[in-house]
Amino acid sequence: MDFSDQNAVFTDLQNKYGKENVARIIAFGTLTPKAICRKVMNCFEHDESVIKSISKLIPDLCQSMQSAYDASPELIAYRNQYKKEFDVIERLEGIVSHESQHAAGVIIYPNLSSYLPIKTRGEDRSLRIVAFDKYMIEELGFFKFDVLGLETLPMIKHCLDSMPDKIDLHHINLEEKEVYDMLCSGDVSGVFQLSNQMQKVMDQQPCNFKDLIAINALIRPGTGDWVEYIARRKGKEWSVHPNRLPYLKETEGLITYQEQFLLDCKTLAGWDIAYADKYVRKNKAIKQDTELARKFILDSISNGFSESDATLVWHEIEDAVDGGYSFNKSHSASYAVISYQTAWLKYHYPEHFYAALMSSEKTDGDGQSAISGYIIECKQRGIKILPPDINHSRDNFIVNDEGISYRITTISHVGESAIRAIERLRPITSFSDFLKRREKQHIKQNVLVNLIKAGCFDFDSPNRAELLWQLDMLNRTKTQIKNEYECPRYAYDDRIKAKWEKESLGMYLSLHPMEKYGFKPLSSFAEGSYVLQGGEVYDVKEFKDKNKNDMAFVFINTLFGNVKLLVFTSTWRYLQIRSSFTKGNIVLVKGKRSGDSVIVDSVEVLEDINKIA
């Protein structure tokens, strides 16, 4: 079950059923094969180069050493070379390394502490946690509820509430061609679950709701075979046993959902779904369970299937279940509904969608970075982003006849007391009216300056330099007034205006210095591909690697948000590279995409930020 406010739902459950009858569930973390290898090899004091060589051979999502050997046969050579170390690694596999709280699990049962061990947390010890994990709880016959909190749900509600038309999203057409065309073009920012999957969406080219269900499962770590799925969608021939076709056709013959391998167990071996769920889906060591494999094959043969077909299907089931994780279709379908709803709103009501989307972002660095990217998208769509307005702007972005008005709460130095004081003054007829009536204890000089620089008084005078000059004239000393001293005027043009917006709002609003270069977002490049990224350097963190060599993390602000750059020793050692990554510089970076980061090969300074804005 997904809700907009997870904590509120949990509190409601406690109030309804009693605190002593409702509890969260503990979760035990285990080390991945890659992590175990690194720790054990380090304990045996092996050279870092050896550890890296071994670590590279183990897939990131690998859940067992056996699956690591299957994926990387070269690893077996290391296993033979370092027999003692790998014996330790295999013995430590699956051992509990830490405990945490299950992200969503809740259990409700009368007088829980009489049946299950309970631990408490929180200052008032009101948070009760069952000290058995979800597997043990289900083994004992208790029912676990998953109560998830999705930030997208309040964003959708905000969007709907702000619209003049009353829309019931439960009755929209889920097969609207124009919406899918938008997604296929790569226009996925803000779309639930797909916003960071541009390349995968463009590869898949979804054309119906079933495709959305599939991609919502396939983008999950450890689910399905994405490369093979795309190859088959693009025409690669495939075949499965005719009895499996009804439930595998929609995913190109590949097991993608839990329900599909459960149906395999029923179709071939004749097993009851409940039996398959207990002994197959929840089997964390299925590849080592030779007895279960033998039973599946023998039962399938007795049902008229060949041994080769049964063996092939069992290997597919093993790959789908390996590590105890798989994704169920009902969950994926629910997420696909929200994916489509957000895409539908973006296509039909882009102004209200972007206003709600930007309002949902926090005011910290990551939130501001995301908003910066959305502003560029709005401009590309012809949607005007207006500066905050002293009379109308509030905590959220607001849609009006001209475009989207920026929120007032993110202006530098404008705190809660200043905002409440501004609200008491409304309506404000002019800048001079505001100066006369302002509460000086709440609206001080630095607040005034940032309100002007952000554009809050553009309705009175679009020349912000003129308003700053008026403020300076108002603050003259008695001697200066007596001598009729005139304060110097400020230079003002579009670049200075953009610079002031960056100072007061934390981002460029009317003009971004990177707009003229036309860079693409990092998400438009495939993983591991060569990329070009341009942005303003805003942070540099130097440190030493394990071999005591200098390297750095560099953070740049691009048109579409912040990007982390990895500058390894082989590149960082050059003086030209170091000097290029000076805070404030706008740089062109060339390198390889690694997740949400770029491994830097070279860098070029485009322009000094102070010369641009």
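Check the entry above for the structure.
Residues numbered from 1 in each chain as written. Predicted model: local features only at pLDDT ≥ 70, side-chain atom pairs only at ≥ 80, totals over all residues. Heavy atoms only, no water.

Q: Just to check I follow, could you spell out helix α1 (residues 6–17) for this structure?
A: In an α-helix, one turn spans 3.6 residues; hence positions three or four apart end up facing the same way. Spanning twelve residues, α1 covers 17 Å between terminal C-alpha atoms, matching the ideal 16 Å at 1.5 Å per step. Along α1, the positions that sit buried rather than exposed are Q6, V9, F10, L13 and Q14. Around the axis of α1, the buried residues are gathered within 140° of arc, so they sit on the same side. For α1, the exposed residues lying more than 90 degrees away from the buried face are N7, N15 and K16. G18 lies just past α1 and shows a positive phi near 95°. (Helix = DSSP H or I, 4+ residues; strand = E, 2+ residues; numbered from the N terminus. Expected span 1.5 Å × (residues − 1). Buried < 20%, exposed > 50% of the residue type's maximum accessible area, 1.4 Å probe, protein only. Arc of directions from axis to C-beta.)

Q: Looking at this structure, I do not really get the environment of G535. What am I missing?
A: If you trace the backbone, G535 turns up in strand β11 (residues 530–544). As for G535 and Q204, which are separated by 331 residues in sequence, their C-alpha atoms are 30 Å apart. The contact partners of G535, leaving out residues within four places of it in the chain, are M514, I556, N557, T558, N585, I586 and V587. (Contact = heavy atoms within 4.5 Å.)

Q: Mind showing me how you'd approach the packing of aromatic side chains here?
A: Aromatic ring pairs are defined here through the distance separating the ring centres and the angle between the ring planes. Applying the stated criterion to the full structure yields 23 aromatic pairs. Measuring from ring centre to ring centre gives 5.2 Å for W271 and Y275, while their planes differ by 75°; the resulting arrangement is edge-to-face. Using a relative accessible area of 6% as the deciding quantity, one classes W271 as buried. For R24, the ring lying beneath its charged end belongs to F10, and the centroid distance is 5.4 Å. The ring of W226 carries the charged tip of K200 above its face, separated from the ring centre by 5.3 Å. (Phe/Tyr/Trp six-rings, centres within 6.5 Å; stacked < 30°, edge-to-face > 60°. Lys NZ or Arg CZ within 6 Å of the ring centre and 35° of its normal.)

Q: Is there a simple way to think about a nonpolar patch on the surface in this case?
A: On the surface, F28, V96 and M136 cluster together into a nonpolar patch covering about 250 Å² of accessible area. Tracing the sequence through the fold places F28 in strand β2 (residues 22–30). Here F28 falls in the partly exposed class, since its relative accessible area comes to 34%. (Patch = residues over 30% accessible without salt bridge, like charges linked within 9 Å, V, L, I, M, F, W, Y side chains within 5 Å. Areas by Shrake-Rupley, 256 points an atom, 1.4 Å probe, with all protein chains shown as cover. Salt bridge = Lys/Arg side-chain N within 4 Å of Asp/Glu carboxyl O.)

Q: Even after reading the chapter, I still don't get the pairing of strand β12 (residues 550–558), so can you show me in this structure?
A: Side-chain direction in a regular strand flips from residue to residue, so the side chains alternate between the two faces of the sheet. Along β12, seven of the nine residues are buried, which leaves the element largely enclosed by surrounding structure. Two elements, β11 and β12, share eight bridges in a ladder whose sense is antiparallel. Paired with D539 across the two strands is F555, which belongs to β12. In textbook terms, the turn of a hairpin is the stretch between consecutive antiparallel strands, and for β11 and β12 this stretch comprises five residues, one of which, K548, has a positive phi near 65°. In this structure, β12 lies alongside strand β13 (residues 561–567), joined through seven bridges in antiparallel fashion. (Pairing = 2+ DSSP bridges.)

Q: Help me out: how do you make sense of the nonpolar core in this one?
A: Nonpolar side chains in soluble globular proteins tend to end up buried together. Counting residues in hydrophobic clusters, the biggest one holds 85 residues, and the most contacted among them are M358, F434 and L451. Apart from residues lying up to four places away in sequence, M358 is in contact with I371, Y374, I375, C378, I385, F397, I404 and R407. V240, A269, A276 and V313 belong to the second-largest nonpolar core, a separate cluster that totals 24 residues. (Core = buried A, V, L, I, M, F, W, Y, C linked by side-chain atoms within 4.5 Å.)

Q: It is not clear to me how the side chain of R426 should be interpreted in this structure. Could you clarify?
A: Along the polypeptide, R426 turns up in the loop between α21 (416–425) and α22 (431–437). Comment: no salt bridge for buried R426; closest opposite-charge side chain is E423, at 4.5 Å. From its side chain, R426 meets the backbone oxygen of I390 in a polar contact 2.9 Å long. Excluding residues that lie within four positions of it along the chain, R426 makes contacts with D389, I390, N391, H392, S393, R394 and I408. (Lys, Arg positive; Asp, Glu negative; His and termini not counted. Polar contact = N/O pair within 3.5 Å; in protein donor to acceptor, adjacent residues only side chain to side chain.)

Q: Please clarify how the packing of helix α11 (residues 209–218) against helix α12 (residues 226–233) should be interpreted in this entry.
A: Each packed pair of helices is defined by two parameters, the angle between the axes and the distance between the axes. It is at 11 Å that the axes of α11 and α12 come closest, and there the two elements cross at 155°. One element, α11, and the other, α12, form an angle in the roughly antiparallel class. Relative to α12, the crossing made by α11 is left-handed. Residues D211, A214, I215 and L218 of α11 touch α12, and the partners they reach there are W226, Y229 and R233. Within the contact of α11 with α12, the residues separate by chemical class into five nonpolar, no polar and two charged. (Axes fitted to C-alpha atoms, helices over the stretch in contact; angles between N-to-C directions. Parallel < 35°, antiparallel > 145°, perpendicular 65-115°, else oblique. Left-handed = near helix turned anticlockwise from the far one by under 90°. Nonpolar A, V, L, I, M, F, W, Y, C, P; charged D, E, K, R; others polar.)

Q: Mind showing me how you'd approach a positive patch on the surface here?
A: A grouping of K39, K52, K56 and K546 is seen on the molecular surface, where their side chains present a positively charged patch. Classification of K546 as exposed rests on a relative accessible area of 55%. (Charge placed at Lys NZ, Arg CZ, Asp CG, Glu CD.)

Q: Sorry if this is basic, but what is going on with the sheet that holds strand β10 (residues 404–405) here?
A: Strand-to-strand pairing in sheets goes through backbone hydrogen bonds, with the strands running parallel or antiparallel. What the three strands build is an open sheet, ordered β8-β10-β9; its pairing is mixed. At either end of the open sheet lies a strand with only one pairing partner, and these are β8 (385–386) and β9 (398–399). The pairing of β8 with β10 spans two bridges and is classified as parallel. Looking at β10, one finds that L386 is bridged to S405.

Q: Explain the state of the cysteines here, please?
A: Two cysteines joined by a covalent bond between their sulfur atoms form a disulfide. For the structure shown, the criterion picks out zero disulfides. Between C456, a free cysteine, and C378, which holds the nearest cysteine sulfur, the sulfur-to-sulfur gap is 19 Å. Under the relative-accessibility criterion, C456 is labelled buried at 1%. (Disulfide = S-S within 2.5 Å.)

Q: What is the right way to read the sheet that holds strand β6 (residues 144–146) from this model?
A: Reading across the sheet, the five strands line up as β4-β5-β2-β3-β6 and stay open at both edges, with mixed pairing between neighbours. Of all the strands in the sheet, just β4 (118–121) and β6 have a single pairing partner and so form its edges. Between one strand axis and the next, the sheet turns by 50° as a mean value, whatever way the strands run. Both β2 and strand β5 (residues 127–130) contribute to a ladder of two bridges, which runs parallel. The partner of I25 across the bridge, within β5, is V130.

Q: What is the right way to read the side chain of Q14 from this model?
A: Along the chain, Q14 turns up in helix α1. The class for Q14 is buried, based on a relative accessible area of 9%.

Q: Which parts of the structure should I look at to understand the pattern of salt bridges?
A: All chains considered together, the criterion is met by 39 salt bridges. Note that R394 is salt-bridged to E423, the shortest N-O span being 3.9 Å. Residue R394 is located in the loop between β8 and β9, and its partner E423 is located in helix α21; the two are separated by 29 residues in the primary sequence. When its relative accessible area of 29% is taken as the criterion, E423 is described as partly exposed. Salt bridges linked by common partners bring R79, K83, D87 and E90 together as one network.

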